[in-house]
Amino acid sequence: MSLYRNILDFFFPRTCAMCGKRLGEEEASLCVPCIRGLDRFGYEGNDEHGTLERLFWGQLPIERVTSFFYYSGKNHRRIIHNLKYNQRKEVGEDVGALFAEELMETGFFDGIDGIVTMPLHHSKLRERGYNQCDSIARGIQMVTGIPIIEGVVERMVNNETQTHKNIVERKENVKGIFRLKDASLVEGKHILLVDDVLTTGSTLISCGSELAKASNVRISICTLAYAGELVDSINKK
């Protein structure tokens, strides 16, 4: 670590995005104990939920779907909260890179031509200052070398948050909020659509449906967190 980084870290200590403890010199965004204890979803070509791909069957030309960890427990949710609301966009790059490194040996990225990130509405982008999904994508790109394709899809509507909505309400809330800007950028390609959290898949389906308007496009999806079981438990109450 450079002298500058040592001085900066002394006055403004870096903390783990998951547990909040001070990071060591060689640690990036997550401390080693938190990385080891991360409640990983795990990808081996399928998963114990009967495959996440089933959320998208019949709605998108889907290839593969996975998430890095379960969005369960205060510490796991803190990772996403730090990334989205605490101006810690480096969390997306660091955890995205860690995710990609673990996925590389599974073959998940085989044949993927480009990365497209879930877009933010311009007002939300102006308010937050960055798109957290872009940060995740940069981390994945650093490991895989897969190019990020910009300007493909735009978000036309700054819709209400999906939090506390049931499955039907979520689907209605995201209808028509995206628009395909340039189909030529993805025609005939296998695209990886990147988001932060997968719940019911409604927002990803809405965005992916616009991508699917391009000729002969195939779509795979990866997110940092999977909150499907959490949403299911809330909706059953």
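Residues numbered from 1 in each chain as written. Predicted model: local features only at pLDDT ≥ 70, side-chain atom pairs only at ≥ 80, totals over all residues. Heavy atoms only, no water.

(A) Summary view of the environment of V32. Along the chain, V32 turns up in helix 2 (residues 32-37). Separated by 16 residues in the primary sequence, V32 and C16 have C-alpha atoms spaced 9.4 Å apart. (Helix = DSSP H or I, 4+ residues; strand = E, 2+ residues; numbered from the N terminus.)

(B) Main features of the side chain of R128. Along the chain, R128 turns up in helix 5 (residues 122-128). Salt bridges are absent for the buried R128, whose nearest opposite-charge side chain, D196, sits at 5.8 Å. Polar side-chain contacts of R128 include one of 3.2 Å to the backbone oxygen of K84. Of the polar contacts made by the side chain of R128, one reaches the side chain of Q132; its length is 2.6 Å. If we skip the residues at most four places from it in the chain, R128 touches K84, Y85, Q87 and L120. (Buried < 20%, exposed > 50% of the residue type's maximum accessible area, 1.4 Å probe, protein only. Lys, Arg positive; Asp, Glu negative; His and termini not counted. Salt bridge = Lys/Arg side-chain N within 4 Å of Asp/Glu carboxyl O. Polar contact = N/O pair within 3.5 Å; in protein donor to acceptor, adjacent residues only side chain to side chain. Contact = heavy atoms within 4.5 Å.)

(C) Summary view of the sheet that holds strand 5 (residues 190-198). Strands sit in the order 1-6-5-2 across an open sheet of four strands; the sheet is parallel. Taken across any chain shown, the strands that pair with only one partner, and hence form the sheet edges, are strand 1 (62-70) and strand 2 (114-117). Strand-to-strand, the axes of this sheet are offset by a mean angle of 20°, without reference to chain direction. The pairing of strand 1 with strand 6 (residues 218-226) spans six bridges and is parallel. Paired with I62 across the strands is I219, a residue of strand 6. Docked against the sheet, helix 3 (residues 74-85) engages strand 1, strand 5 and strand 6, running at close to 105° with respect to strand 1. Running over the sheet, helix 4 (residues 90-104) touches strand 1 and strand 6 and is turned about 120° from strand 1. (Pairing = 2+ DSSP bridges. Axes fitted to C-alpha atoms, helices over the stretch in contact; angles between N-to-C directions.)

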